[in-house]
Amino acid sequence: SSFQGSWRGNNKMLLHEFIVKRGLPHVDTLTAGSPDEVRRATHELARRGYTAAALKAQIGASGIGIVKLERVGQDVVLPPIASNLFFEGPCLVQGWLGPGTLGVTRLHSPSVQMFLDEQSVHLYDMTEQILSRQSVHEGNVSPPPYLAQWPGLRRELLRQAGEVGRWLHEQGYRGTASADFLLAEREGRAMPDVYVCEINARVTCATYPAVLARRFTPRGAWLMRNVRLPKPMTGDAL
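Thresholds applied
- Position numbers for residues count from 1 along each chain, tracking the sequence in the order it is written.
- In keeping with the model being predicted, local features are shown solely for residues with a pLDDT of at least 70 and side-chain atom pairs are shown and tallied solely at 80 or more, while totals for entire chains, interfaces and linings include all residues.
- Remark: hydrogens and water are excluded; side-chain values derive from all non-hydrogen atoms of the structure.
- Should DSSP find at least two bridges between two strands, the strands are regarded as paired.
- Numbering of helices and strands runs from the N terminus; a helix is a DSSP stretch of H or I covering at least four residues, while a strand is a stretch of E covering at least two.
- For helices, the fitted axis covers only the stretch in contact; all axes are lines through C-alpha atoms, and the angles between them, taken along N-to-C directions, range from 0 to 180 degrees.
- For a helix, the expected span equals 1.5 Å multiplied by the residue count minus one.
- Working definition: with a 1.4 Å probe on protein chains only, accessible area under 20% of the residue-type maximum means buried, over 50% means exposed, and in between means partly exposed.

Enquirer: What should I look at first to understand the sheet that holds strand β2 (residues 53-61) in this one?
Expert: In sheet architecture, strand pairing relies on hydrogen bonds along the backbone and comes in two forms, parallel and antiparallel. Spatial ordering of the open sheet is given by β1-β4-β2-β3, a layout of four strands whose pairing is antiparallel. The sheet is open, and its two edges are formed by β1 (29-32) and β3 (64-69), each paired on a single side. For this sheet, the mean angle separating the axes of adjacent strands, direction not counted, is 25°. As defined by bridge partners, β1 adjoins strand β4 (residues 91-95) across four bridges and the pair is classed as antiparallel. Directly across from Ala 32, in β4, lies its bridge partner Cys 91.

Enquirer: Explain helix α4 (residues 153-170) to me, please; I cannot follow it from the model alone.
Expert: Residues spaced three or four apart along an α-helix face the same direction, because each turn holds 3.6 residues. Look at α4: 26 Å from first C-alpha to last across 18 residues, which is about the 26 Å you get at 1.5 Å a residue. Within α4, burial applies to Leu 153, Glu 156, Leu 157, Gln 160, Ala 161, Gly 162, Glu 163, Val 164, Gly 165, Trp 167, Leu 168 and His 169. Trailing α4 by a residue or two, Gly 172 shows a phi angle of about 100°, which is positive.

Next up, the structure:
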């Protein structure tokens, strides 16, 4: 992949603008180019019913460039806003969906793995991210265990993955990637709301296990849990 293709493919602002233009579902998102604008944006999100928010730099990965604001509102004093969030330009200020917010009862975090070559976008696996209560990634499982509950959910995930996969291809990116989603179960809804959360235009923690599973158990399932050692070890020692 070219540098430009990788930069554009990982740019959350460009992706958000595409999602809005295509009319795909998206969480409430405002933009802010300074700490003062962040404060104003969080006040607006609080007015819309959110109690927390996420700040996302345009470029970031694996939690770098993302800050969760645990409380938002007119009477809330925000922590200092790091300048690196604005390094690539205005950051995204998004309403944080969680149980109890705007009718949400439960969340899921599926991901669609993909390959991009010169001619095509290949969607080759669908996984569920295993997250801690603090939203720390702890592993992956494929297929997502809840797919059978909602007929049509798999098709909708693949439809939106195809849309953003074609966008990623148009940016000039080539290689492995994934489209991460947020599924929000809501009171009174027959099927969860499906939102594209971000694109990872790179090798992810699900890339290798997905490829290995396709090689050795092409019609099977797989589970990968991250290992946390009681004492840190170097790679050589491990």
